[in-house]
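Listed below are the residues making up each chain.
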Amino acid sequence: MNHRIALAALAFAAAQTSAAGAAPMLGFSPSGADAERALEAKFDANLSAGAIDARLKILSAEPNEVGSPHDKANAEFVLAQLKSWGWDAHIETFQVLYPTPKHELLEMVGPTPFKAQLNEPPLPGDASSAVRENALPPYLVYAADGDVTGDLVYVNYGNPDDYVALARMGVDVKGKIVIARYGSAWRGLKVKLAYEHGAVGCIIYSDPADDGYGPGDVYPKGAWRPDEGVQRGSVLDIPIESGDPLTPGVGATADAKRIAIADAKVLMKIPALPISYGDAQHLLAELGGPVAPKGWRGALPITYHVGGGPARVHLAVQSDWSLKPIYDVIGVMKGAERPNEWVIRANHRDGWVFGAWDPLSGQSAMLEEARSIGALAKTGWRPKRTIIYGSWDGEEPGLLGSTEWAEQHAEELKAKAVLYVNSDSNTRGLLGAGASYSAQRLITEAAADVKDPETGVSALDRAQAGLQVRGLAPDATEDAKRAAKAATSGADLPISALGSGSDYTPFVQHLGIASINFEYGGEGEQAGVYHSQYDTYEHFSRFGDPGMVYGVVMAETGGRLVLRTADADVAPYQFADLAANIDQNISELHKLADGLRERSAAVDRLLDSRAFALADDPTKPTVAPDRLDVVPAIDFGPLDAAATRLKASARAYDAALAKAGALKPAAQAKLDAVLIGVEHSLTDPQGLPGRPWYQHLIYAPGMLTGYGAKTLPGVREALEGRRWAEAQAYIGRTAAALDAARARIDAATAILKGG
Ligand SMILES: [Zn+2]
């Protein structure tokens, strides 16, 4: 999985004070920074675009979905590579519930009979696309088995707002089959919301406006989705919890205690299938009912109607619900001074079909880091802290490999992990990062020392330029404008908060480990083959990253994040960024509550004055919206006060760190132990409402967005869901977490000051 990291960001950070001479490096003395940069120059010299390319070709040679022979072969290949580079490497195997399709059928039974192709044919010039052996057909993993027939309804993206709009059009989906287009939110929510509104089946298609002939010529002439291309994917309810559905909270080892499939909370309850726009056009063209609202129309050469009917479809799905093995490959290089502090760097390895872009572009670049670090170790160098490289399996179905490993080693990870660094797909373009706020300075400093190959400026300067330009666009969001302002001021690189969509989720949101997710992108034209049979080496080397130039840039960036965190005297967290971002998030909550209150009052006024009816075209009447409950006064006081205290403590720590001389090794280790706990203190063992697995009170994937992050999620989602008492309760819980983090930061400051 991979969704382009939204650069829309939240960050206000103190402007960097750049002294004359070499730029400072967080956690290092000036001489230590010089030595580290010298090490990085050697690290860079070992990196090879040719090696990344050759490895990508091997890894993407055959389909490598979970359970396929090539998935296992790739694990063994990565294991052998890591060992040959000097890593202490092994494979950890887990047994996970992974349904694979046995039977799929989608047909229109009236008015015009039509049978969907559900197949992606070979394309000229792409030899991989002709490989059929061990390739699974397009499907949605963890959708229910079923055989249903019903009238069809078009629900746009299938978001909550779309169902509100449908209700106002007088259309409901009870007992019907919905067709939604990809985009806007995560695909699993489309199926879940369809079920919650009473639909018996769900079809998801890729509209050409989004990633087909709308944005460019289609493959193989251009890069974009051809009319038979289908986006596969997972519909596991990851916003509830990620990982194997049968072993929530524990590693899915062979002898783990498993719940029954019927008791799993994260499986979808209706059958669902993904289809191409070639297939979808036949179905959509036969819909009657109201013409779809303007924002709902895609780029097919038809008039988009909503239905329901007269198009009537028959949807049948049956899967093999057996356990399948997944293979995580783990390479360890023990730290010379602090072996019990871990820096973890990982990327998933499984893909949908070949997965050359998603995820093998990132996997091959990440392995190049491991190769180069191995070469440094062969010269006698050793990291201070332990470095662990992970090659995850089973990410696509639901972050299975990373989650099971994180759950299996949870206690050790909570105590030892300093930082988790994740990547996924990678292409040409600009750096984008999502991260724990305390890692914003580390990312900024690393990006400042990586050269962008297309422009010759640093990756940081290019990323900041991109944000500045985007903030000027006529349709720029408030977040984009804020990011542009921060980028212009020379503050740290704006980052986004972590939602979900890749393997950092179990580390940051379940275990409370500071985490980074980064990628280069925006110029590679890969979106049109996302999760399809056409995400091949042939496509990627033409349109994604010709020459693997940005594979090297990814390795330079990932390598710096890893090496600096491994070698720093003091774990490289910066807390002014943490406090400033949280402060910004709290101000958003104030605005959210005020906006909800104003809207409730406005809807009431319009209902009282019959304005909805008066505004309607009498020949096309709509249903007036429901009255909204009154928004009570909400006391943000505890949260505001905790944020103010946190800001003061963060400033004091950052100042003490800047002033601190060399600490004795014992004090450094003690300091790190306190610092590692800061991120963890932002979690709550009770977790978020309805999803206790998610324990972080600052970042979570939205229950109704799936990928997109919700910051201060306990409070924010309660407000959005109009659960006022819950919002008040989570204001208290979140304030307590901020105070716990502050106490840790104060303890760290005391150690720095020799206390
Ligand atoms: Zn991926």
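Bear in mind the structure is a predicted one, so any value in this text is a computation, not a measurement. (Residues numbered from 1 in each chain as written. Predicted model: local features only at pLDDT ≥ 70, side-chain atom pairs only at ≥ 80, totals over all residues. Heavy atoms only, no water.)

Moving on to the overall build of the protein chain. Along the backbone of the protein chain there are 23 helices and 18 strands. For the protein chain, the C-alpha radius of gyration of 26 Å lies close to 27 Å, the compact-globule estimate for 755 residues. The C-alpha extent of the protein chain, read off along each of the three principal axes, is 80 × 60 × 55 Å. The proportion of buried residues among the 755 residues of the protein chain is 60%. Of all intrachain contacts in the protein chain linking residues separated by at least 6 positions in sequence, the fraction that spans at least 24 positions is 81%. Here the protein chain has roughly 26100 Å² of accessible surface; of this, 56% comes from carbon and sulfur atoms. Side chains of the protein chain give 72 positive and 93 negative charges; the mean places of these two sets differ by 4 Å. (Helix = DSSP H or I, 4+ residues; strand = E, 2+ residues; numbered from the N terminus. Rg over C-alpha atoms; globule rule 2.2 N^0.38 Å. Buried < 20%, exposed > 50% of the residue type's maximum accessible area, 1.4 Å probe, protein only. Contact = heavy atoms within 4.5 Å. Areas by Shrake-Rupley, 256 points an atom, 1.4 Å probe, with all protein chains shown as cover. Lys, Arg positive; Asp, Glu negative; His and termini not counted. Charge placed at Lys NZ, Arg CZ, Asp CG, Glu CD.)

A few words on the sheet that holds strand β14 (residues 417-423). Across the sheet, seven strands lie side by side as β1-β11-β13-β12-β14-β16-β15; this open sheet has mixed pairing. Strands at the two margins of the open sheet, each flanked by one partner only, are β1 (88-97) and β15 (429-435). In this sheet, neighbouring strand axes are inclined to one another by 20 degrees on average, regardless of whether the strands run parallel or antiparallel. The pairing of strand β12 (residues 338-348) with β14 spans six bridges and is classified as parallel. For V343, the partnering residue across the bridge sits in β14 and is L419. Helix-sheet contacts for helix α3 (residues 69-84) involve β1, β11 (323-333) and β13 (385-392), and the interaxial angle to β11 is about 10 degrees. Helix-sheet contacts for helix α21 (residues 665-680) involve β12, β13 and β14, and the interaxial angle to β12 is about 40 degrees. (Pairing = 2+ DSSP bridges. Axes fitted to C-alpha atoms, helices over the stretch in contact; angles between N-to-C directions.)

In this section: the environment of E228. Summarising the element assignment, E228 is placed in the loop between α6 (208-211) and β8 (233-234). Judged by its relative accessible area of 22%, E228 falls in the partly exposed class. Spatially, the C-alpha atoms of E228 and H90 are 40 Å apart, while their sequence positions differ by 138 residues.

This part covers the packing of helix α1 (residues 30-46) against helix α17 (residues 549-567). Packing of α1 against α17 leaves a shortest axis separation of 11 Å and a crossing angle of 145 degrees. The hand of the α1/α17 crossing is right-handed. Contact with α1, carried on its side by E36, R37, L39, E40, F43 and D44, involves A555, E556, G559, R560, L563, R564 and D567 of α17 and no other residues of that element. Looking at the contact of α1 with α17, its residues break down into four nonpolar, one polar and eight charged. (Left-handed = near helix turned anticlockwise from the far one by under 90°. Nonpolar A, V, L, I, M, F, W, Y, C, P; charged D, E, K, R; others polar.)

What follows is about the packing of α21 against helix α23 (residues 724-752). Running from N to C, α21 and α23 cross one another at 165 degrees; their axes reach a closest spacing of 9 Å. By the criterion of interaxial angle, the relationship of α21 to α23 is roughly antiparallel. Read as a crossing pair, α21 and α23 show a hand that is left-handed. Contacts between α21 and α23 pair A667, K670, L671, A673, V674, L675, G677 and V678 from the former with A741, R744, I745, A747, A748, I751 and L752 from the latter. Per-class residue counts for the contact of α21 with α23 are twelve nonpolar, one polar and two charged. (Parallel < 35°, antiparallel > 145°, perpendicular 65-115°, else oblique.)

When you line up the elements, S423 lands in strand β14. On the accessibility criterion, S423 (0% relative accessible area) is buried. A distance of 3.0 Å separates a polar atom in the side chain of S423 from a polar atom in the side chain of R345. Reaching out from S423, the side chain makes a polar contact with the side chain of N347 at a distance of 2.7 Å. Each residue touching S423, except ones within four places of it in the same chain, is listed here: R345, A346, N347, H348, G362, S502, N517, F518 and M554. (Polar contact = N/O pair within 3.5 Å; in protein donor to acceptor, adjacent residues only side chain to side chain.)

With that settled, consider the sheet that holds strand β10 (residues 307-320). In space, the seven strands of this open sheet follow the order β3-β2-β10-β5-β6-β7-β9, with mixed pairing throughout. Looking at which strands have only one partner, the edges of the open sheet turn out to be β3 (114-115) and β9 (272-275). Relative to β9, strand β7 (residues 201-205) runs parallel, the two being bridged by four bridges. Looking across to β9, one finds that I203 is bridged to L273. This element, helix α5 (residues 187-196), spans β6 (177-181), β7 and β9 of the sheet and lies at about 150 degrees to β7.

The next subject is α5. Extensive coverage of α5 is indicated by the burial of eight of its ten residues. Here α5 has its buried residues at R187, G188, L189, K190, V191, K192, L193 and A194. Residues of α5 that are buried in the fold lie against β4 (140-141), α4 (160-168), β6, β7, β8 and β9. Phi turns positive one or two residues past the end of α5, at G198, with a value near 95 degrees.

On average, residues of the protein chain score 95 in pLDDT, and 97% of them reach the 70 mark or higher. The low-confidence segment residues 4-20, where pLDDT is below 50, has 61 contacts with residues more than four positions distant or belonging to other chains. (pLDDT = per-residue confidence, 0-100.)

Inspection of the entire model under this criterion finds 47 salt bridges. Taken together, the shared-partner salt bridges connect R37, E40, D44, D449, R560 and R564 into one network. (Salt bridge = Lys/Arg side-chain N within 4 Å of Asp/Glu carboxyl O.)

Evaluation of the coordinates by the stated rule reveals 17 aromatic pairs. Ring geometry for W405 versus F507: centroids 6.3 Å apart, planes at 45 degrees, classification tilted. One end of the pair, W405, is in helix α10 (residues 400-408); the other, F507, is in helix α15 (residues 505-510), and 102 residues separate them in sequence. Both residues of the pair, W405 and F507, count as buried. Three or more aromatic residues joined by ring pairs make a cluster, and in this case those are W392, W405, Y420 and F507. Over the face of the ring belonging to Y694 we find R691, whose NZ or CZ atom lies 5.2 Å from the ring centre. Over the aromatic face of Y730 sits the side chain of R733, whose NZ or CZ is 5.8 Å from the ring centroid. (Phe/Tyr/Trp six-rings, centres within 6.5 Å; stacked < 30°, edge-to-face > 60°. Lys NZ or Arg CZ within 6 Å of the ring centre and 35° of its normal.)

Take the nonpolar core next. In terms of nonpolar packing, the biggest core is built from 166 residues, with I373, L413 and L719 touching the most fellow members. The element best represented in this core is α23, accounting for twelve residues. Setting aside chain neighbours within four positions, we find L413 in contact with W342, I344, W405, A406, F507, L511 and I513. Counting residues in each nonpolar core, the second largest holds 49 residues, with V171, A180, L287 and Y304 among its members. (Core = buried A, V, L, I, M, F, W, Y, C linked by side-chain atoms within 4.5 Å.)

Every regular strand shows the same layout, with side chains that alternate between the two sheet faces. Within β15, seven of the seven residues are buried, which leaves the element mostly enclosed by the surrounding structure. With seven bridges joining them, β15 and strand β16 (residues 515-522) adopt antiparallel strand pairing. Its bridge partner being in β16, G429 is matched across the sheet by G522.

Inspection of the secondary structure puts T734 in helix α23. A distance of 2.6 Å separates a polar side-chain atom of T734 from the backbone oxygen of Y730. Residues in contact with T734, not counting those within four places in the same chain, are L639, L697, L712 and V715.

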